[in-house]
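# Examination of the molecular architecture
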Amino acid sequence: TWAHAWLKVRPGDTVVVADGKYEQASPPAELAGEAGRPITFRASRPGGAQLEGLLFKGNAHLVIEGFRIDGKAGAVGVMSAGRDKPSHHLAFRQIGFSCTPGTLNDGACFGMGDGTHHVVLEDSWGWGGGRYTILCYGGPGGKPANLGCDHNTFRRVVLRMGPARSSSGNPQASLALYYASHNVVEN
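Our subject in this report is the structure included herewith. Just so you know, these numbers come straight off a predicted model, no measurement behind them. (Residues numbered from 1 in each chain as written. Predicted model: local features only at pLDDT ≥ 70, side-chain atom pairs only at ≥ 80, totals over all residues. Heavy atoms only, no water.)

## Let's talk about the overall build of the protein chain
Using the following cut-off: Numbering of helices and strands runs from the N terminus, with a helix taken as a DSSP run of H or I at least four residues long and a strand as a DSSP run of E at least two residues long. The rule is simple: take the accessible area with a 1.4 Å probe, protein chains only, and divide by the maximum for that residue type; under 20% is buried, over 50% is exposed, in between is partly exposed. Here, residues are in contact when the closest pair of their heavy atoms is within 4.5 Å.
Assigned secondary structure in the protein chain consists of 1 helix and 16 strands. Split into buried and exposed, the 187 residues of the protein chain put 47% on the buried side. In the protein chain, the proportion of contacts linking residues at least 24 apart, taken out of those at least 6 apart, comes to 74%.

## A closer look at the pattern of salt bridges
Side-chain pairs of opposite charge can arise whenever the charged atoms involved come near each other. Our working definition: By convention in these notes, a salt bridge is any Lys or Arg side-chain nitrogen within 4 Å of a carboxyl oxygen on Asp or Glu.
What the rule picks out here adds up to 10 salt bridges. Between Arg 156 and Glu 122 there is a salt bridge, and its shortest N-O distance comes to 3.8 Å. Note that Arg 156 is positioned in strand β14 (residues 153-160) and Glu 122 in strand β12 (residues 117-127), a separation of 34 residues in sequence. Residue classification places Arg 156 among the partly exposed residues on the basis of a relative accessible area of 37%. Given a relative accessible area of 9%, Glu 122 falls into the buried group. Between Arg 156 and Asp 123 there is a salt bridge; the shortest N-O distance is 2.5 Å. Pair noted here: Arg 156 is in strand β14 and Asp 123 is in strand β12, with a separation of 33 residues, a long-range link. Connected through salt bridges with shared partners, the residues Arg 93, Glu 122, Asp 123, Arg 155, Arg 156 and Glu 186 form a single ionic network.

## Some points on the sheet that holds strand β8 (residues 76-79)
What counts, and what does not: Should DSSP find at least two bridges between two strands, the strands are taken to pair. Here an axis means a line fitted to C-alpha atoms, over the contact stretch when the element is a helix, while the angle between two N-to-C directions is reported on a 0 to 180 degree scale.
Across the sheet, 5 strands lie side by side as β5-β8-β11-β13-β15; this open sheet has parallel pairing. The sheet terminates laterally at β5 (54-57) and β15 (173-178), the two strands that pair on one side only. If you compare each strand with its neighbour and ignore which way they point, the axes differ by 10° on average. Pairing analysis gives 4 bridges linking strand β11 (residues 108-112) to strand β13 (residues 132-137), with the strands arranged parallel. The residue of β13 that forms the bridge with Gly 111 is Leu 135.

## Section: the side chain of Asn 59
Let me state the cut-off plainly: Definition of a polar contact: a pair of N or O atoms within 3.5 Å, with one able to donate and the other able to accept a hydrogen when the atoms are protein atoms, and with sequence-neighbouring residues admitted only if both atoms are side-chain atoms.
Locating Asn 59 in the fold gives a position in the loop between β5 and β6 (60-65). Only 2.8 Å separates the side chain of Asn 59 from the backbone nitrogen of Lys 57, close enough to count as a polar contact. Apart from residues no more than four positions distant in its own chain, Asn 59 is found in contact with Pro 27, Pro 28, Ala 29, Glu 30, Leu 31, Pro 86, Ser 87, His 88 and Leu 90.

## Concerning unusual backbone geometry
Of note in this structure, Asp 114 is not a glycine but carries a positive phi near 55°. Its location among the elements puts Asp 114 in the loop between β11 and β12. The exposure class of Asp 114 is buried, given its relative accessible area of 14%. Residues other than glycine seldom take positive phi values, yet His 182 does so here, at roughly 60°. Along the chain, the position of His 182 falls in the loop between β15 and β16 (184-186). On the basis of relative accessibility, which here comes to 60%, the residue His 182 falls in the exposed class.

## Notes on the environment of Leu 147
In this fold, Leu 147 is placed in the loop between β13 and β14. What makes Leu 147 exposed here is its relative accessible area of 52%. Residues Leu 147 and Pro 86, 61 residues apart in the sequence, show an inter-C-alpha distance of 8.8 Å.

Okay, structure coming up:
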């Protein structure tokens, strides 16, 4: 199981995941690799391994590669595990993520906040969302208070809004960066 795999991996390890549909694949809170020695989970065939949502809470130095990630309330969530425990140095490569039509209103399909920093999303696609397909939010609110959403990179990402609508009067965006600085959006 994913729960068993997360407990066994060590910095520098790579886990190759067979084709199939998987639930409860999120890492335990605060699990981390090391700088220069990330923990990598890679689909054996791009898009062949499908995950039902991923939530990162205070995780660091992880690589997620080649997965299809579908969610109801959101496909990917990246947040802190409490004060001074943000998620950081995460890489998402060659992933496809989508949210079930009609399940989101003002939410995000790929949401980042609570001080999240140094996240890379590249060579990927996303579809769905109510108000946002991707949201990087570092503004007021949150418990603990949000501390920014800075130093992230979005490279070669194709985004499409889904059929769900945000509440009346709110804008919709494929990529939204609020209270966020030093982020890179390219190609």
